[in-house]
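Results of the structural survey
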Amino acid sequence: MLALGVGETITDGVHIYRLEDDLNLHFWKLGSKADHYVSTAGLKLRLEIHSEDKNETN
């Protein structure tokens, strides 16, 4: 199981999202350097659970 702390980043190798103080993942930037790496499917699942952003990983 992946545990993220506030301010940490997660990427699928293309999109980087950051866990903010509201405990939601917000799109931060494009890139591949982050604190945690997951598959595209894993990132989409996390975004469904922990995001209010309308950005999608396609």
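Residues numbered from 1 in each chain as written. Predicted model: local features only at pLDDT ≥ 70, side-chain atom pairs only at ≥ 80, totals over all residues. Heavy atoms only, no water.

Some thoughts on a nonpolar patch on the surface
On the surface, Val14, Phe27 and Leu30 cluster together to form a nonpolar patch covering roughly 270 Å² of accessible area. When you line up the elements, Val14 lands in the loop between strand S1 (9-11) and strand S2 (15-19). (Patch = residues over 30% accessible without salt bridge, like charges linked within 9 Å, V, L, I, M, F, W, Y side chains within 5 Å. Areas by Shrake-Rupley, 256 points an atom, 1.4 Å probe, with all protein chains shown as cover. Salt bridge = Lys/Arg side-chain N within 4 Å of Asp/Glu carboxyl O. Helix = DSSP H or I, 4+ residues; strand = E, 2+ residues; numbered from the N terminus.)

Comments concerning the side chain of His26
Here His26 shows up in strand S3 (residues 25-30). Among the polar contacts made by the side chain of His26, one reaches the side chain of Asp22 at a distance of 3.0 Å. (Polar contact = N/O pair within 3.5 Å; in protein donor to acceptor, adjacent residues only side chain to side chain.)

Here we look at the sheet that holds S3
Overall, mixed pairing links the four strands, which are arranged S3-S2-S1-S4 in an open sheet. Unpaired on one side and paired on the other, S3 and strand S4 (36-37) mark the two borders of the sheet. Bridge count for S2 against S3 is five bridges, and the pairing is antiparallel. Residue Tyr17 lies in a different strand from S3, and its bridge partner there is Phe27. (Pairing = 2+ DSSP bridges.)

What to know about the environment of Leu23
With respect to the helices and strands, the residue Leu23 is situated in the loop between S2 and S3. Distance from Leu23 to Gly5, taken between C-alpha atoms, is 8.7 Å for residues 18 residues apart in sequence. Those residues in contact with Leu23 that sit more than four places away from it in its chain are Val6 and His50. (Contact = heavy atoms within 4.5 Å.)

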